[in-house]
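Okay, here's what each chain looks like letter by letter:
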Amino acid sequence: MTDEMLMMAVKNGDLEKASELFDRYHKPLYNFFVKITFDRDLGHDLTQNVFLRMIKYRASFRQDKQFRPWIYQMARNIYADHFRRNKMLFSDYAEVEDLKNKIAAVDEVMVEDERQKLLYISLFKLQPEQREILILTRFQQMKYEEVAQVLDCSVANVKVKVHRAIKQLREKFLELEKI
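What this report covers is the structure whose coordinates are included nearby. Note that the structure is predicted; figures quoted are calculated from it, not measured. (Residues numbered from 1 in each chain as written. Predicted model: local features only at pLDDT ≥ 70, side-chain atom pairs only at ≥ 80, totals over all residues. Heavy atoms only, no water.)

Some remarks on the nonpolar core
Core analysis: the largest hydrophobic core is formed by 45 residues, its most contacted members being M54, F67 and I71. Those elements giving two or more residues to this core turn out to be α1 (3-11), α2 (17-37), α3 (40-56), α4 (67-86), α6 (114-125), α7 (128-139), α8 (144-151) and α9 (155-178). Broken down by element, the residue count for this core peaks at 9 residues, all from α4. Looking at this core, you find at least three residues from each of domain 1 (1-92) and domain 2 (113-179). If we ignore the near neighbours within four places in the chain, the residues touching I71 are Y25, L29, V50 and M54. (Core = buried A, V, L, I, M, F, W, Y, C linked by side-chain atoms within 4.5 Å. Buried < 20%, exposed > 50% of the residue type's maximum accessible area, 1.4 Å probe, protein only. Helix = DSSP H or I, 4+ residues; strand = E, 2+ residues; numbered from the N terminus. Domains from an automatic or database assignment. Contact = heavy atoms within 4.5 Å.)

Topic: the pattern of salt bridges
Counting across every chain of the model gives 7 salt bridges. The partner of K17 in a salt bridge is E20, with the nearest N and O atoms 4.0 Å apart. Pair noted here: K17 and E20 are both in helix α2, with a separation of 3 residues, about one helical turn. K17 gets classed as partly exposed once you look at its relative accessible area, which sits at 22%. Note on E20: relative accessible area 32%, which makes it partly exposed. Note that D64 is salt-bridged to R62, the shortest N-O span being 3.1 Å. Accessibility expressed as a relative area gives 45% for R62, which makes it partly exposed. (Salt bridge = Lys/Arg side-chain N within 4 Å of Asp/Glu carboxyl O.)

A word on α8
Along α8, the residues that are buried comprise E146, V147, A148, V150 and L151. The inward-facing, buried residues of α8 abut α4, α7 and α9.

Thoughts on the packing of α7 against α8
Contact pair α7 / α8: the axes reach a minimum separation of 10 Å and the direction vectors enclose 145°. Seen along the crossing, α7 lies across α8 with a hand that is right-handed. Mapping the contact onto sequence places E132, I133, L136, T137 and R138 in α7 and Y144, V147, V150 and L151 in α8. Its residues assigned to classes, the contact of α7 with α8 comprises 6 nonpolar, 1 polar and 2 charged. (Axes fitted to C-alpha atoms, helices over the stretch in contact; angles between N-to-C directions. Left-handed = near helix turned anticlockwise from the far one by under 90°. Nonpolar A, V, L, I, M, F, W, Y, C, P; charged D, E, K, R; others polar.)

Concerning the packing of aromatic side chains
Throughout the structure, instances matching the rule amount to 10 aromatic pairs. Both rings, one in Y25 and one in F67, keep their centres 5.1 Å apart while their planes meet at 70°; by these two values the pair is edge-to-face. Residue Y25 is found in helix α2, and its partner F67 is found in helix α4; the two are separated by 42 residues along the sequence. Ring geometry for F61 against W70: centres 5.2 Å apart, planes inclined by 75°, an arrangement best described as edge-to-face. Residues F61 and W70 agree in their burial class; the two are buried. (Phe/Tyr/Trp six-rings, centres within 6.5 Å; stacked < 30°, edge-to-face > 60°.)

As for the environment of Q149
Here Q149 is to be found in helix α8. For Q149, a relative accessible area of 38% corresponds to the partly exposed category. Taking the C-alpha atoms as reference points, Q149 and Q66, separated by 83 residues in sequence, lie 9.1 Å from one another. Excluding anything up to four places from it in sequence, Q149 contacts Q66, P69 and Q73.

With respect to the side chain of K172
As for its position among the elements, K172 is in helix α9. Once residues lying within four places of it in the same chain are set aside, the contact partners of K172 are S122, K125 and L126.

Description of α6
The first and last C-alpha atoms of α6 sit 16 Å apart over 12 residues, in line with the 16 Å expected at 1.5 Å per residue. Looking only at α6, the buried set comprises L118, Y120, I121, S122, L123 and F124. (Expected span 1.5 Å × (residues − 1).)

Have a look at this one:
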């Protein structure tokens, strides 16, 4: 069954089909949250909240829409709600040493070598919107059309945002390489 068919079954009251969607999406959503927050425990909590909200708002799913952008839009909203409630958005002036420590705590498997560690530090130093679009397009491998649905903007706008985010990431990476 497709994701959309499973979600329509959930919408129509077959809540057991939600477990199949959980099996398909809990790891990608967890990875999305870990990469955007650099916090494994928070990643678990936010991932769980996505599926709770999916059940709660199942009636809002429309059959003519794709499931993947719908669930990632929900994930974005949960991320935004969490940080709005806790007023914990990171500033641009976070210390590099703190970032290195935070990355080491995330998952040693995630960071294989020093250049990869610098990449993750550079990613963390981006504006949240830039970090998010790179995570969706590069790490979650979402198509620009899907990201446009998630962000509620045009595909052309997504391309521009990705281009600018990559440019910023490159600059931050090169700055760190000099250190």
